[in-house]
Amino acid sequence: MSLLSDLINLDLSDTTDKVIAEYIWIGGSGLDIRSKARTLPGPVSDPSKLPKWNYDGSSTGQAPGEDSEVILYPQAIFKDPFRRGNNILVICDAYTPAGEPIPTNKRCAAAKIFSHPDVVAEVPWYGIEQEYTLLQKDVNWPLGWPLGGFPGPQGPYYCSAGADKAFGRDIVDSHYKACLYAGINISGINGEVMPGQWEFQVGPSVGISAADEIWAARYILERITEIAGVVLSFDPKPIPGDWNGAGAHTNYSTKTMRNEGGYSVIKKAIEKLGLRHKEHIAAYGEGNERRLTGRHETANINTFKWGVANRGASIRVGRDTEKEGKGYFEDRRPASNMDPYVVTSMIAETTLLWKPVS
């Protein structure tokens, strides 16, 4: 008799050319990740060759019951680390049957910004630091924390090792390898300042692919925590008080910034970001006011400031960039629950397309 694990790990390539495609999309809250699978006649590597599909939008808070059909447009393909073989994960965005993007489809507007000739010419690179918190199921309390109580104060946990300091490493390492398998440009992981909190980094990735990769990595992490029986939280301040929040620091550069004389271009870009601080904060994640307090390595939400090597700034410039006169900067304002389509495209729009009124 086959075990369940044997059947889950069946290699289909010996018996059929057919493959399974897991279509992934973002639900009505803007953070819930939905997916369903379909059989394809053979391997596919180009999203434009994949069929569109539909789902019941009334069950995801994205359409009324009397007109509930929403259409999925395949946009990016990754290898499936769960089913393996030629099976794939497909990042999709959502449209009405008439072809209009639904309100929660943030990818469509981002794609327009990233396809603008002025943006394309600058080849924008992004490196996104996605922080998250692992919670014990049913009690919604961080992994490794005593039930109803608190661990020792912050200090020993950042980039730590040991059973009394690092909680959930098996999940983190599984996710790291699964992302590499999938073809996501994941560049690293580390334990964070608050125990039970971790970070992975994606990038450098060009344009909209950075956001596609973050969403794919989030989906894979949701699936792994599901297997482990642990709850994944992107709340920007999961525990009130003297505990670090969770962000999604977004590192950014353009071709001009990476070339000789780029530091002056970086400073002009930061100046423009300062002029649109309120608009950016409004788009940088829900509940961010609980995180951006001016404490715990953040700038106050109402204040815009930048500095070299300053982790209490809105925008941080690295020492290497200052020294070399070119490079990148880090926008430290986005919350962990931000939409990467919104954040990456808004940074490109403000720095490359927006013209301040003089």
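Residues numbered from 1 in each chain as written. Predicted model: local features only at pLDDT ≥ 70, side-chain atom pairs only at ≥ 80, totals over all residues. Heavy atoms only, no water.

Novice: Teacher, can you tell me more about the pairing of strand S1 (residues 19–26) here?
Specialist: Consecutive side chains along a regular strand alternate between the two faces of the sheet. Within S1, seven of the eight residues are buried, leaving the element largely enclosed by the surrounding structure. Both S1 and strand S2 (residues 33–40) contribute to a ladder of eight bridges, which runs antiparallel. Within S2, the position partnered with Val 19 by the bridge is Leu 40. Where S1 hands over to S2, the hairpin turn is made up of six residues, of which Gly 30 adopts a positive phi near 90°. In this structure, S1 lies alongside strand S5 (residues 88–95), joined through four bridges in parallel fashion. Note that in S5 the partner of Ala 21 across the bridge is Ile 88. (Buried < 20%, exposed > 50% of the residue type's maximum accessible area, 1.4 Å probe, protein only. Helix = DSSP H or I, 4+ residues; strand = E, 2+ residues; numbered from the N terminus. Pairing = 2+ DSSP bridges.)

Novice: I'm lost on the packing of helix H2 (residues 107–114) against helix H10 (residues 340–353) in this one. Help?
Specialist: What describes two packed helices is the angle between their axes and the distance between those same axes. One can describe the packing of H2 onto H10 by two numbers: an axis separation of 9 Å at closest approach and a directional angle of 30°. Between H2 and H10, the interaxial angle falls into the category roughly parallel. H2 and H10 meet at a crossing whose hand is left-handed. Touching Arg 107, Ala 110, Ile 113 and Phe 114 of H2 are Tyr 341, Thr 344, Ser 345, Ala 348, Glu 349 and Leu 353, all from H10. For the contact of H2 with H10, the residue count by class is six nonpolar, two polar and two charged. (Axes fitted to C-alpha atoms, helices over the stretch in contact; angles between N-to-C directions. Parallel < 35°, antiparallel > 145°, perpendicular 65-115°, else oblique. Left-handed = near helix turned anticlockwise from the far one by under 90°. Contact = heavy atoms within 4.5 Å. Nonpolar A, V, L, I, M, F, W, Y, C, P; charged D, E, K, R; others polar.)

Novice: What am I meant to see in the UniProt feature "domain: GS beta-grasp" (unreviewed entry) in the chain here?
Specialist: In the numbering used here, UniProt assigns the "domain: GS beta-grasp" (unreviewed entry) feature to residues 19–99. Its end C-alpha atoms 27 Å apart, residues 19–99 is made of 0% helix and 48% strand. (UniProt positions renumbered as here; feature names shortened; annotations may be inferred.)

Novice: What am I meant to see in the environment of Ser 233 here?
Specialist: Along the polypeptide, Ser 233 turns up in strand S10 (residues 230–233). Distance in space between the C-alpha atoms of Ser 233 and Lys 355 is 37 Å, their sequence separation being 122 residues. Ignoring anything within four residues of it in the chain, the contact list for Ser 233 reads Tyr 132, Thr 133 and Leu 135. Here the side chain of Ser 233 touches Asp 235 through a polar contact of 3.1 Å, landing on its backbone nitrogen. (Polar contact = N/O pair within 3.5 Å; in protein donor to acceptor, adjacent residues only side chain to side chain.)

Novice: Please clarify how the side chain of Ser 345 should be interpreted in this entry.
Specialist: Among the secondary structure elements, Ser 345 is positioned in helix H10. At 2.6 Å, the side chain of Ser 345 forms a polar contact with the backbone oxygen of Tyr 341. Discounting residues that sit within four places of it in the chain, Ser 345 has contacts with Ala 110, Ile 113 and Phe 114.

Novice: Could you clarify how one ought to interpret unusual backbone geometry in this entry?
Specialist: Note the cis peptide between Gly 203 and Pro 204, where omega equals 0°. With respect to the helices and strands, Pro 204 occurs in strand S9 (residues 197–206). Backbone geometry at Asp 138 places phi at a positive 75°, although glycine is not the residue there. Note on placement: Asp 138 falls in the loop between strand S6 (125–136) and strand S7 (141–142). Non-glycine residue His 296 carries a positive phi angle of around 55°. Structurally, His 296 can be placed in the loop between helix H8 (277–283) and strand S12 (306–308).

Novice: Just checking my understanding: could you explain the state of the cysteines for this structure?
Specialist: Taken as a whole, this structure holds zero disulfides when the rule is applied. Its sulfur unpaired, Cys 179 is 18 Å from the next cysteine sulfur, which belongs to Cys 92. (Disulfide = S-S within 2.5 Å.)

Novice: What should I look at first to understand the sheet that holds S1 in this one?
Specialist: By way of backbone hydrogen bonds, the strands of a sheet pair with one another, either parallel or antiparallel. Taken together, the five strands give an open sheet; going across it, the order is S2-S1-S5-S4-S3, and neighbouring strands pair in mixed fashion. Each end of this open sheet is capped by a strand with a single partner; those strands are S2 and strand S3 (53–56). Going across the sheet, the axis of each strand differs from the next one's by a mean of 40°, ignoring polarity. For strand S4 (residues 69–79) and S5, the ladder comprises eight bridges, and the chain directions are antiparallel.

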